[in-house]
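Now for the letters of each chain:
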Amino acid sequence: MSEVPAKITAMEFPTALAGLDAHPWATVNHAYGPAEDLPGLLRTFAEGGEDAEEALGELYGSIVHQGTVYAASVDAAPYLARIAASGRQTVDALRLLGCSAASPRVRTSTTSSRAPSGPQ
């Protein structure tokens, strides 16, 4: 039988956002076009403080807009997971990821499509 670790440690916060600014956000879209605003929104959300709730609302509106997910939603998912793993905004980050995962609609370009519901 393997030994269970005595303590699980949270991811370091700087590690959670590693690569955020280097990511090619301008090449992926969210509900309102190129996702160049996502690094700032993700950072503001993750840091907490007085602007975090507004940033979270903007993230919902951008990457899970009316139940639709976008290419930028997929690209934001690892950062949201790492934010949650860092122990910051964990519940809200996981809820946003859950909404993204449960979305029945996917838009990968300018054409909307519905996710398949089963064998065609």
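Above this note sits the structure.
Quick notes on the rules
Residues numbered from 1 in each chain as written. Predicted model: local features only at pLDDT ≥ 70, side-chain atom pairs only at ≥ 80, totals over all residues. Heavy atoms only, no water. Buried < 20%, exposed > 50% of the residue type's maximum accessible area, 1.4 Å probe, protein only. Helix = DSSP H or I, 4+ residues; strand = E, 2+ residues; numbered from the N terminus. Arc of directions from axis to C-beta. Contact = heavy atoms within 4.5 Å. Axes fitted to C-alpha atoms, helices over the stretch in contact; angles between N-to-C directions. Parallel < 35°, antiparallel > 145°, perpendicular 65-115°, else oblique. Left-handed = near helix turned anticlockwise from the far one by under 90°. Nonpolar A, V, L, I, M, F, W, Y, C, P; charged D, E, K, R; others polar.

Engineer: Looking at this structure, how should I read helix 2 (residues 38-47)?
Structural biologist: Two residues of an α-helix separated by three or four positions point the same way, owing to the 3.6 residues in each turn. Along helix 2, the residues classified as buried are Leu 38, Pro 39, Leu 41, Leu 42, Phe 45 and Ala 46. Angularly, the buried residues of helix 2 cover 165° about the axis, an arc narrow enough to put them on a single face. Residues of helix 2 that are buried make contact with helix 1 (13-16), strand 1 (29-30), helix 3 (52-63), helix 4 (71-85) and helix 5 (90-102). Just downstream of helix 2, Gly 48 is the residue with a positive phi angle, here 75°.

Engineer: Help me understand the packing of helix 2 against helix 3 in this model?
Structural biologist: The angle between the axes and the distance between the axes are what describe a pair of packed helices. In contact at an axis separation of 8 Å, helix 2 and helix 3 are set at 140° when each is read in the N-to-C sense. Between helix 2 and helix 3, the crossing angle belongs to the class labelled oblique. Handedness of the helix 2/helix 3 crossing: left-handed. Here Leu 38, Leu 41, Leu 42, Thr 44 and Phe 45 of helix 2 lie close against helix 3, whose contacting residues are Ala 52, Ala 55, Leu 56, Glu 58, Leu 59, Ser 62 and Ile 63. Along the lines of polarity and charge, the residues of the contact of helix 2 with helix 3 split into 9 nonpolar, 2 polar and 1 charged.

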